[in-house]
Amino acid sequence: MAEHLEIAQGSKTEKYSTLYKQIVALTESEPDTIARMANVAAMIHATFDFWWTGFYRVQDNMLVLSPFQGPLACTRIAYGRGVCGTAWKEATTIIVRNVEEFPGHIACSSASKSEIVVPIFNTQQQVTGVLDIDSQYLATFDECDREWLEKIAALLS
Ligand code: SME
């Protein structure tokens, strides 16, 4: 796999389609989860104009900060807390159009206005972590993001 990837262009769907193929090619030969997460965060972040793109992994019954791109973030999130802890508890993707309207939202940065959190599952369908993306704009994420980010998260199981 080449070290340098072309940044995907086009509509959001076209970008995700190209990005997904790049991520498959880059991750299929790498068994280490942290290494895969690191490159996936970098590739998503480089493709879209997001504020923060990264992962939290379940460690000792907490979500612990893992590879990310963007400003520094809180390191530990409890089960059921914030958008990330809620996505973990409910084992489902959560799209937040306006973070100020999400009860208990954890504001790592005041610049973050909307957010999507996608759980990562193991083969027993337990949540092992989450992919968290923040946008500096309201209502950035929709069903298109959910569909593609869930496909990407499935590559990190
Ligand atoms: N906003 C998240 C916390 C993580 S940061 O956005 C990187 C939440 O409410 O869970």
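Scroll up to find the structure.
Okay, so let's go over this structure. Computed from a predicted model, the values in this text were never measured in an experiment. (Residues numbered from 1 in each chain as written. Predicted model: local features only at pLDDT ≥ 70, side-chain atom pairs only at ≥ 80, totals over all residues. Heavy atoms only, no water.)

Here the focus is the overall build of the protein. When helices and strands are tallied, the protein shows four helices and six strands. Beginning at the N terminus, the succession of helices and strands in the protein can be written as α-α-β-β-β-α-β-β-β-α. Taking 157 residues into account, the globule formula puts the C-alpha radius of gyration at 15 Å, and the protein, at 14 Å, falls close to it. Projected onto its principal axes, the C-alpha positions of the protein cover 40 × 35 × 25 Å. Out of the 157 residues in the protein, the part that is buried amounts to 44%. Put simply, of all contacts in the protein between residues at least 6 apart along the chain, 51% involve residues at least 24 apart. In the form shown here, the protein has an accessible surface area of approximately 8000 Å², with 49% of it arising from carbon and sulfur atoms. (Helix = DSSP H or I, 4+ residues; strand = E, 2+ residues; numbered from the N terminus. Rg over C-alpha atoms; globule rule 2.2 N^0.38 Å. Buried < 20%, exposed > 50% of the residue type's maximum accessible area, 1.4 Å probe, protein only. Contact = heavy atoms within 4.5 Å. Areas by Shrake-Rupley, 256 points an atom, 1.4 Å probe, with all protein chains shown as cover.)

For the rest of this paragraph, the subject is empty space enclosed by the protein. Throughout the structure, instances matching the rule amount to one cavity of 30 Å³ or more. Of the voids in this model, the largest cavity is the one considered here, and its volume is about 140 Å³. Looking at the largest cavity, it is lined by 18 residues, and the ones nearest its centre are Ile 106, Cys 108, Glu 115, Asp 132 and Asp 134. Elements that contribute at least two residues to the lining of the largest cavity include exactly strand 1 (52-59), helix 3 (82-90) and strand 6 (127-135). (1 Å grid on protein atoms, 1.4 Å probe; cavity = no way out; pocket = protein on both sides within 12 Å on 5 of 7 lines; lining within 4 Å. Points joined across faces, edges and corners; volume = space filled by probe spheres on them.)

What follows deals with the site of the ligand. As a matter of local geometry, the ligand sits amid 13 residues, with Val 83, Cys 84, Ile 106, Glu 115 and Asp 134 nearest to it. At a separation of 2.8 Å, an oxygen atom of the ligand approaches a polar backbone atom of Cys 84. Between Ile 106 and the ligand, the recorded distance is 2.7 Å, taken from a backbone N or O atom to a nitrogen atom. Notes on the ligand: free accessible area 310 Å², of which the protein chains cover 99%. Taking a 2 Å distance to the grid points as the criterion, the majority of the atoms of the ligand fall inside the largest cavity. For the shell around the ligand, the elements supplying multiple residues, two or more each, are strand 1, helix 3 and strand 6. Per-element tally for the shell around the ligand: the top contributor is helix 3, with three residues. Class assignment for the residues of the shell around the ligand results in eight nonpolar, two polar and three charged. (Near = heavy atom within 4 Å. Polar contact = N/O pair within 3.5 Å; in protein donor to acceptor, adjacent residues only side chain to side chain. Sits in = over half its atoms within 2 Å of the grid points. Nonpolar A, V, L, I, M, F, W, Y, C, P; charged D, E, K, R; others polar.)

Before going further, it helps to spend a moment on the pattern of salt bridges. Within the structure shown, the criterion is met by three salt bridges. We note a salt bridge from Lys 12 to Asp 145, for which the minimum N-O separation is 2.6 Å. Remark: Asp 145 occurs in helix 4 (residues 143-154) and Lys 12 occurs in helix 1 (residues 12-27); sequence separation between them is 133 residues. Given a relative accessible area of 27%, Lys 12 falls into the partly exposed group. Looking at Asp 145, the relative accessible area reads 1%, which means it is buried. (Salt bridge = Lys/Arg side-chain N within 4 Å of Asp/Glu carboxyl O.)

At a minimum axis separation of 10 Å, helix 1 and helix 4 run at an interaxial angle of 0°. By the angle between their directions, the pair helix 1 and helix 4 is classed as roughly parallel. Each of Lys 12, Thr 13, Tyr 16, Ser 17, Leu 19, Tyr 20 and Ile 23 in helix 1 lies in contact with helix 4, whose residues at this interface are Cys 144, Asp 145, Trp 148, Leu 149, Lys 151 and Ile 152. Along the lines of polarity and charge, the residues of the contact of helix 1 with helix 4 split into eight nonpolar, two polar and three charged. (Axes fitted to C-alpha atoms, helices over the stretch in contact; angles between N-to-C directions. Parallel < 35°, antiparallel > 145°, perpendicular 65-115°, else oblique.)

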